[in-house]
Amino acid sequence: MNAADILKLYKNSENDALIAAADEVCRNVYGSKVYLRGLIEFSNICNIDCLYCGIRKSNKEVKRYRLSEDEIIDTVSSGTKYGFKTFVLQGGEDPYFTTPVLCGLVEKIKKINPEAAVTLSAGIRSCESYRLLKEAGCDRYLLRFETSDPELHKYLRNGVTLNERLKALDNLRKYDYEVGSGFMVGLPGETEETRIQNALLCRDYNFDMVGIGPFIPHPSTPLADALQMPLELAIRSVALVRLFLPEANIPATTAAGSLSSAGRERMLAAGANVLMPNITPVKYKKDYELYPGKICLDESGFECAGCLEGRVLSVNKFITYERGDSAGFLHGKSAVS
Ligand code: 5AD
Ligand code: FES
């Protein structure tokens, strides 16, 4: 399908036709496979103040934590025993995690599990930092652009511009990362046109991974009174991005599962092919509250992996413990934009 056909399907068809088309495209590339990533939320200390985020710097109600190196390594070791072949280290913009500290961590993880892919989600950094982290063994980097509307972006991110974010995504490409990005759906001030532009931006950057989640207003943020938009908008965005990027890895996000009990399954049926069980030690999980109602706070990530086995079957998919690089990246097709 060309771009015009895809947009026509998005704008004019019944939901079911859009979702069925995205599901078909996803199955043509990835079959019925769903890849698992072990997510480790290593610090909720954050130096920035995005209006939507529960762990923003100004939220004084958050109990702040930072995992020790031993805690991170122990978590990776347990994940390795369980069979995980991707670890995603995600944190707030915590100044403790300098490039040398992160490089040391990546090297240790690669020693424990040389087969595994390491993904970092640790904010905008310098080119030198990206270079050193890649050299240390980091394979993938996640940096959502959050919204493609430049004005809205600047407002919601408290002055940080969309251009800075996009420049950082360009820089990551230069160092040969598998590059992941994505956006929230249902932000106050967003329109249907914003959502279309979000998907087109993903296509233009040819991202290897795209995380899409519903925005869920957090009571201790300036957006506490924002309206909760229906999950369906995020599901439709997943389908649209899948049609534009047949080979990308697209997670069924925890935010979708938090907003609705079958939210992740709905994303898996609309073109998503990845799940990211949260393997952060349980005692810290509740403090990484980006949005209220986050699921799986009392379960270990390994209990979640078991639970997810059953859930994916309901949409005729199955979990595989392969590393799951993005098909586009493997084909070396990712464009340097
Ligand atoms: N609702 C949903 N998702 C959120 N994120 C941050 N705050 C919220 C919220 N209130 C998302 C952002 C960020 C990712 C880690 O979590 O997209 O990039
Ligand atoms: Fe965590 Fe079901 S996925 S308990």
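Heads up: the structure comes first, above all this text.
Residues numbered from 1 in each chain as written. Chains lettered and ligands numbered in written order. Predicted model: local features only at pLDDT ≥ 70, side-chain atom pairs only at ≥ 80, totals over all residues. Heavy atoms only, no water.

This part takes up the sheet that holds strand β5 (residues 140-142). The strand order β2-β3-β4-β5-β6-β7 describes an open sheet built from six strands, whose pairing is parallel. Edge positions in the open sheet fall to β2 (38-43) and β7 (209-214), since each of these has one partner strand only. Neighbour to neighbour, the strand axes of the sheet diverge by 20° on average, direction disregarded. Here strand β3 (residues 86-91) runs beside strand β4 (residues 117-121); their pairing, made up of five bridges, is parallel. Looking at the pairing, glutamine 90 lines up with serine 121 of β4. The sheet contacts of helix α9 (residues 231-244) involve β6 (178-185) and β7, and relative to β7 the element is tilted by about 165°. (Pairing = 2+ DSSP bridges. Helix = DSSP H or I, 4+ residues; strand = E, 2+ residues; numbered from the N terminus. Axes fitted to C-alpha atoms, helices over the stretch in contact; angles between N-to-C directions. Contact = heavy atoms within 4.5 Å.)

Once that is clear, we can look at the pairing of β4. Note on strand geometry: in a regular strand, side chains alternate between the two faces of the sheet. Buried residues dominate β4, accounting for five of its five residues. Residues of β4 alternate between two faces, with Ala117, Thr119 and Ser121 on one and Val118 and Leu120 on the opposite face, all of them buried. Here β4 pairs with β5 via two bridges, running parallel. Within β5, the position partnered with threonine 119 by the bridge is arginine 140. Where the polypeptide runs from β4 across helix α5 (residues 127-136) and back to β5, its parallel neighbour, the crossover connection is right-handed. (Buried < 20%, exposed > 50% of the residue type's maximum accessible area, 1.4 Å probe, protein only. Right-handed = clockwise from strand over helix to strand, strands pointing away.)

It is worth stressing that arrangement in space is one thing and function is another; only the former is reported here.
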